[in-house]
Amino acid sequence: MAAPTKLTYLDNAATTRCDPRVVEAMLPYFSDVYGNAGSRNHRFGWEAEDAIEIAREQAAVLLTAQPKEIIFTSGATESNNLAIRGAANMYAKSPAGSSSRGHIITNIIEHKAVLDPCNRLIREGFEVTFLEPGHDGIITCAAVEAAMRADTILVSVMWANNEIGTINEVPAIGALCHARNVLFHTDATQWAGKMPVDVERDQIDLLSWSSHKIYGPKGVGGLYVRRRKPRVRLEAMIDGGGQERGMRSGTQNVAGIVGFGKACELCFASGDSERARLLALRKKLDTALPAAMEAVQVNGHPDRRVPHITNISFGFVEGESLMMGISDIACSSGSACTSASLEPSYVLKGLGVGDEMAHSSLRLSLGRWTTEAEVDHAISAITKAVNHLRAMSPLYDLWKEGIDLSKIDWQSH
Ligand code: PMP
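Scoring rules and cut-offs
Residues numbered from 1 in each chain as written. Predicted model: local features only at pLDDT ≥ 70, side-chain atom pairs only at ≥ 80, totals over all residues. Heavy atoms only, no water. Domains from an automatic or database assignment. Contact = heavy atoms within 4.5 Å. Buried area = accessible area lost by both parts, 1.4 Å probe. Salt bridge = Lys/Arg side-chain N within 4 Å of Asp/Glu carboxyl O. Polar contact = N/O pair within 3.5 Å; in protein donor to acceptor, adjacent residues only side chain to side chain. Pairing = 2+ DSSP bridges. Helix = DSSP H or I, 4+ residues; strand = E, 2+ residues; numbered from the N terminus. Axes fitted to C-alpha atoms, helices over the stretch in contact; angles between N-to-C directions. Expected span 1.5 Å × (residues − 1). Buried < 20%, exposed > 50% of the residue type's maximum accessible area, 1.4 Å probe, protein only.

When the parts of a complex come together, some accessible area is lost, and that lost area is often taken as the interface size. Domain boundaries assigned for the chain yield domain 1 (20–267) and domain 2 (271–400). Each of domain 1 and domain 2 has a C-alpha centre, and the two are 30 Å apart. The interface of domain 1 with domain 2 comprises 32 residues on the first partner and 25 residues on the second. Together, the buried faces of domain 1 and domain 2 total about 2,500 Å²; carbon and sulfur atoms form 58% of this surface. Considering only the surface of domain 1 that becomes buried against domain 2, Glu163, Ile164 and Tyr215 emerge as the three largest contributors, covering 31% of it. Run the count over domain 1 and domain 2 and you get zero salt bridges. Counting every contact that joins domain 1 to domain 2 gives 14 residue pairs in polar contact (both at pLDDT 80 or more).

This is how it looks when you write it as structure tokens:
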């Protein structure tokens, strides 16, 4: 039997391989140390609780926060929901049913796990401003400042975008919010663990991040909740046993939390050298692909991007056909985040990338095990596939002949 083709995994923004050291740290917490961390009367419970508190410290070190400021959740989706809905409901200016309960600022290129809670809040009587990025994909502090109102409760701006990797003006937005006594939440799912975080210096009140994007297990994540200057309070979304300081009831996922803590510790330790390694690989993709072919564009700001994500459009090919042409490379297309539907990515559309270029885009995202040989392979495989598809494209031929495609009257042809 022929050996299966080795897949090159370039979809680390979707999820990462769990680090074997993380798995090893988790294993005892399934069948050896299996107590409920809430059982206060015996050693089984104490051991589980101790393990969770070690993980809380590891998570806090990653963010330069205090352990008590870390709430464990099921992932960044839950953290975003708890931060946004929890803060809005706690700090609402007026009761449910009155005309406006308060104002929230976010933007159109957030993950759905921010957009949907904001849309829910609109239905519940809050007003939300959705900022638009510039063509470079950046949400600026100036844009947030211009949208601020006397009744603004909360600003939620992601640190790095998950589709294009662009970095928003987070420390500046944090400073602005603190100067105006407005709470600041950031979805740092594509940032924390990859880039340095200091919640004091960066003036963040609420920060969401996820274990499975940083080589930990799926189904666990964290929410940083500032405890002083200001002390942030949240209305819980899940009530019950009062775990996680009452903000997230439910028996803790001890093994998952232990793995998440270990993943935070490993990311913190790999810091600068890993960032430099990934940046060199990403820059290779960003320069080699446009150099190899015409009509190739890197989406979003050229430099203000996290090291592990790039998003590139290949004119005159369709993303899904391109993905089929590079079947030994696992990555996402410009339509990926809206999953089954073939809508072009709302993020790319949000930056003003046209439908065609959005449909023809690939998100390539790198991780701890990505090698230079894999990046080289991706460059040659993508180049080959694009050239092959263009060889069958009449539009590409017309464009090569210098015909302006936007001026063609297709009806009369
Ligand atoms: N926010 C961002 C920016 C993300 O990239 C993701 C994962 N795609 C999420 C939130 C959701 O994270 P989780 O899978 O942990 O719920």
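Let us look at the sheet that holds strand β8 (residues 221–225). Pairing is mixed across the open sheet formed by seven strands, whose spatial order is β2-β8-β7-β6-β5-β3-β4. Lying at the two open borders of the sheet, with one neighbouring strand each, are β2 (70–73) and β4 (127–131). Recorded for the sheet is a direction-independent mean angle of 20 degrees between the axes of neighbouring strands. Two strands pair when backbone bridges link them, and strand β7 (residues 206–210) and β8 are joined in this way by five bridges, in the antiparallel orientation. Counted as the bridge partner of Trp209 is Gly222 from β8.

What follows deals with helix α4 (residues 76–90). Spanning 15 residues, α4 covers 20 Å between terminal C-alpha atoms, matching the ideal 21 Å at 1.5 Å per step. Burial within α4 is extensive, with 11 of its 15 residues counted as buried. Residues Ala76, Glu78, Ser79, Asn80, Asn81, Leu82, Ala83, Ile84, Gly86, Ala87 and Ala88 constitute the buried set of α4.

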